[in-house]
Amino acid sequence: MDLPKLTQAHNVAPPELAEEEIREEFRPDVTKDQINLLFQHAHVGVIGAAFLIVVVASALSVWGRVDPSGLLRWIAVTASAVMLRGFCIWRYFDTNGRERALFWANLFAGTMVVSGTAWCSLIGAVDMSDPAARDVVFLVIVGVATSSLIYAAFYWPITAATLIGVFGPLASAFYATGTAHEVLMGHATVAFGLFIGLLALAVYQPFKQLVMFRYRNVDLVHTVSAERDKVRLALGHARDNEAKFRILTERSPVGIFQTTLEGNFVYANPAMRAVLEVEPNQPIEALSFDKFLTPNSRTSLDSGTLAAQIGRAGQIEVEIIGAQTGRTRNVALSIVPLPGQTKTAPGLIATAVDVTDRRRAEMTVRHMAHHDVLTGLVNRTEFRNRLEDSLANAARNDRIVGLAFIDIKGFKSINEVIGHSKADHILRECSERMKKAVRRTDTVARLGPDEFAIVATNQKDLDGVIAFVRKVHSELTQPIKVEDREILLDVAMGITIYPTDDTNAERLIQNADFALKRAKEKPKGGYHLYDQSMHLKIQDRIRLEEEMRLGLDRGEFMLYFQPQIDLATGHLIGAEALMRWQHPERGFMPPGEFIPLAESSRLIVPMSEWLIHAAAAQAKSWQKFGIPPFTVGINVSPLHLESGDLADEIALALQRTGLNARWLDVEITEGMVMTGSTKVLATLERLREMGVGLSIDDFGTGYSSLSYLKKYPFRQLKIDQSFVRGVPENRDDAAIVEAVVRLGQSLNISVIAEGVETVEQQNFLKSLGCHAAQGFLYGRPMPAQDFVLWIERWENEHHPQAIQRSAS
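These figures come from a predicted structure and were not determined experimentally. (Residues numbered from 1 in each chain as written. Predicted model: local features only at pLDDT ≥ 70, side-chain atom pairs only at ≥ 80, totals over all residues. Heavy atoms only, no water.)

**Structural notes on the overall build of the protein**
Part 1: Counting its secondary structure elements, the protein contains 30 helices and 22 strands.
Part 2: Taken over 808 residues, the protein has a buried fraction of 45%.
Part 3: By element, 57% of the accessible surface of the protein is carried by carbon and sulfur atoms, the whole surface being about 41600 Å². (Helix = DSSP H or I, 4+ residues; strand = E, 2+ residues; numbered from the N terminus. Buried < 20%, exposed > 50% of the residue type's maximum accessible area, 1.4 Å probe, protein only. Areas by Shrake-Rupley, 256 points an atom, 1.4 Å probe, with all protein chains shown as cover.)

Dropping the structure here:
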């Protein structure tokens, strides 16, 4: 039997208490124990009652001396009573019934009353006039009542409740008849019930004494417990040092272990077992430390153990291989000998610190110092080191090395249009393609935002380098899918060869850069091989760039103006300001010779600033001179427009000169608007708010978008001279010019044709309704003083009446 354990706080009674006092003290606990045992075994009675119902019902049905409907009612009532007892048992354990033991015991007793009454109701289902049937019923009822004795040992009221439920109705039935025989039977029934009840009480008391026995000896238990505590305290003091050592070692995050001088383990704490990947329950004594070390680490360990054996601590770092995963860990060991004579020390003890993460962090820092974060390619510093190593290996093995510089043309515009995250995806994709296209011995590096370099090592001849370059270029120019669009890149490559072009790494880098610049000048990119003549041209360009920088400071640049004529009235309505350079040695230089260089060197930005201020000052000067105001158009560089400073510079020029913004017109190319750059759009918005006119130059040569024409109120469209030159003879040019004029008319935008040189071209444009024109037919670009004289001559020839009225 499972008797509850005593708790020191509640169940221990002082030894001086008398036996009766002990009984009273622990009577509730004894009752709870008996009731708990009752419910632990009550299911046997429930199962037996259910079985008996089935047997009795089957036997009576076969015998036939029973009322079928009465039998069914009896089965239903009796089965319900049995189920009620089962429910009471289940709820007792489900609700921790020990806390309310008497409640559940009394409830169970109530179910037994119901059950006994149900069994007694069998009288109504059997033909009691038949003596044999009546005897069988009495026998069953008496048997059921007697079987209740199984509960008497645990809780005798259960038996009493059963007897009341069985014999109460039965005796009442006998007494109700009134005959002498039946009354005698009622007396016998009551007497039998009292006998069974007394018998149950007789069984209950000895069992209760048995349960009480443990509570009578609580003083002995208390004494034994006290002595046991003293023993434990004594043992605790004896093992105090060992416990402290265990706490320190078992909970330490640092690995601690002991070995023999031969290297066999004696002890290893959990942290060390985790490093070794040895299970906690696996015997450590059968393992040798050497088996967990890499070959190189065994040599290091020998030196560390030797230092420990001669009495000095050994500090070493080893690589340990995990027993389960095979993972290699970097571990720092500190080894000391155990106390004793140095040369005869019984063994070594060591601490182990896992420094794997620290080593990885150091490697990560070193990797980041020599690699690009976005693409994982080597950076400029590591690229230079690998290039020099490749050149040294090529010199020893009589091989050639190809060096390629790569640039993604227009990547800045792509970045602004699709966003940084998608642009980063393109850069990573390009990096992966280049790594797949080269060999393992080659180096791919990222030198700038959209600039890369490849060192092709161990090449046999120039043809191998060319094949390699073509392969890389083909890979990079394949479409790159970015979400729902495919992007084609324009890639330029500059290539130089070791040792054909040079043997010095620095000069080879310069050569590749020179070749890249030439490749970028091509309309469709591609690749370009360095040659010696290129170096001379580059040197000349560098010299010219420096002279251009000095010329800007010395005032060698000047403005030329080309008139713009209203085709309907013949009046001057504007002039385009054009920059010219009067070089002190090379003489007059047209813009085609220095503007591209200024763009590539970014000198175009300060030159554009000079142009803005000079044009605004000249326009204001003409107005002060008395010349009727007209619009002055200035061309701005895409670099200046994308810088975001253009609007500020124009505002400053207008403020300094006092020129009204309406007389200044900014001419931009179609492609500059079509990039969709946020900086460009913001600058155009500011210029519009300031009142500065906006014109689209070379309209028709780019990628026209009516949405931009609608969004920004451009003052005029300028038809490129390449279309005007062919009219009216060329039908295609004539159709394009007519379409642009009609477009301007529908959007209420003025259209001006450039490059008008003949009267036939002028008449054709007038017939279409073109608003204005400029070209050699009216005047070539001329300095400011000559432009004033041209104005007077033009007005005299075409509007003499206006001149006379003005003079009068």
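**Considering helix H13 (residues 380–397)**
Part 1: Look at H13: 26 Å from first C-alpha to last across 18 residues, which is about the 26 Å you get at 1.5 Å a residue.
Part 2: Those residues of H13 that fall on the buried side of the exposure criterion are Glu 382, Phe 383, Leu 387, Ser 390, Leu 391 and Ala 394.
Part 3: As for H13, its buried residues are in contact with helix H12 (356–370), strand E6 (400–409), strand E7 (443–448), strand E8 (451–459), strand E11 (490–498) and helix H17 (505–521).
Part 4: Downstream of H13 by one or two residues, Asp 398 has phi in the positive range, about 55°. (Expected span 1.5 Å × (residues − 1). Contact = heavy atoms within 4.5 Å.)

**Focus: the side chain of Glu 556**
Part 1: With respect to the secondary-structure elements, Glu 556 resides in the loop between helix H18 (532–554) and strand E13 (557–566).
Part 2: Judged by its relative accessible area of 13%, Glu 556 falls in the buried class.
Part 3: Each residue touching Glu 556, except ones within four places of it in the same chain, is listed here: Gly 551, Arg 580, Trp 581, Gln 582 and Pro 584.

**Thoughts on the side chain of Glu 277**
Part 1: Along the polypeptide, Glu 277 turns up in the loop between helix H10 (270–276) and helix H11 (295–309).
Part 2: Within the structure, Glu 277 has its side chain in polar contact with the backbone nitrogen of Gln 324 (distance 3.0 Å).
Part 3: When near neighbours in sequence (up to four residues on either side) are disregarded, Glu 277 contacts Gly 322, Ala 323, Gln 324, Thr 325, Gly 326, Arg 327 and Arg 329. (Polar contact = N/O pair within 3.5 Å; in protein donor to acceptor, adjacent residues only side chain to side chain.)

**Structural notes on the packing of helix H27 (residues 731–747) against helix H28 (residues 759–768)**
Part 1: Look at H27 against H28: their axes get within 10 Å of each other, and the N-to-C directions meet at 40°. Of the possible angle classes, the one that applies to H27 and H28 is oblique. As for how H27 packs across H28, the hand of that crossing is right-handed. Within the contact between the two elements, H27 uses Ala 734, Val 737, Glu 738, Val 741, Arg 742 and Gln 745 and H28 uses Phe 764, Leu 765 and Leu 768.
Part 2: Along the lines of polarity and charge, the residues of the contact of H27 with H28 split into 6 nonpolar, 1 polar and 2 charged. (Axes fitted to C-alpha atoms, helices over the stretch in contact; angles between N-to-C directions. Parallel < 35°, antiparallel > 145°, perpendicular 65-115°, else oblique. Left-handed = near helix turned anticlockwise from the far one by under 90°. Nonpolar A, V, L, I, M, F, W, Y, C, P; charged D, E, K, R; others polar.)

**So, the pairing of E6**
Part 1: Buried residues dominate E6, accounting for 10 of its 10 residues.
Part 2: Residues Ile 400, Gly 402, Ala 404, Ile 406 and Ile 408 point to one face of E6 and Val 401, Leu 403, Phe 405, Asp 407 and Lys 409 to the other, with burial holding for every one of them.
Part 3: Pairing geometry for E6 and E8, over 7 bridges, is antiparallel. What sits directly across from Ala 404, in E8, is Ile 454.
Part 4: By the bridge criterion, 9 bridges tie E6 to E11 in an arrangement that is antiparallel. (Pairing = 2+ DSSP bridges.)

**Examining the confidence of the model for the protein**
Residues shown with low pLDDT carry predicted positions that ought not to be read at fine detail.
Part 1: Averaged over every residue, the pLDDT of the protein is 78; residues scoring 70 or more account for 79%.
Part 2: Averaged pLDDT values over the elements of the protein bottom out at 40 in helix H1 (residues 8–11) and peak at 94 in strand E21 (residues 772–773).
Part 3: Confidence drops under a pLDDT of 50 for residues 1–19, and excluding neighbours within four residues, the segment shows 30 contacts in the predicted structure.
Part 4: Ignoring residues within four places in sequence, the model shows residues 802–808, a span with pLDDT below 50, making 2 contacts including any to other chains. (pLDDT = per-residue confidence, 0-100.)

**Brief notes about unusual backbone geometry**
Part 1: Omega for the bond connecting Tyr 498 with Pro 499 falls within 30 degrees of zero, at 0°, which places this linkage in the cis form.
Part 2: As for its placement among the helices and strands, Pro 499 is situated in the loop between E11 and H17.
Part 3: Even without being glycine, Asp 398 reaches a positive phi, approximately 55°.
Part 4: Within the element layout of this structure, Asp 398 appears in the loop between H13 and E6.

**Considerations on the sheet that holds E6**
Part 1: Here we have 5 strands laid out as an open sheet, ordered E7-E8-E6-E11-E12, and mixed in their pairing. The open sheet terminates on both sides in strands that have one partner only, identified here as E7 and strand E12 (526–529). Each strand of the sheet is rotated relative to its neighbour by a mean of 20°, with strand direction disregarded.
Part 2: Inspection of the sheet shows E7 paired to E8 by 5 bridges, in the antiparallel sense. From the neighbouring strand, Gly 448 faces E8, where its bridge partner is Glu 451.
Part 3: Along the sheet, H17 contacts E6, E11 and E12; its crossing angle with E11, the most-contacted strand, is approximately 145°.

**Topic: the pairing of strand E1 (residues 255–259)**
Part 1: The element E1 is largely enclosed, with a buried count of 4 among its 5 residues.
Part 2: Bridging between E1 and strand E5 (residues 348–354) involves 5 bridges; their strand directions are antiparallel. Directly across from Gly 255, in E5, lies its bridge partner Ala 352.
Part 3: Direction of pairing for E1 relative to strand E2 (residues 265–268): antiparallel, over a ladder of 3 bridges. Note on E2: the bridge partner recorded for Gln 258 is Tyr 267.
Part 4: Linking E1 back to E2 in an antiparallel pair, the connection comprises 5 residues, with Gly 263 at a positive phi of about 100°.

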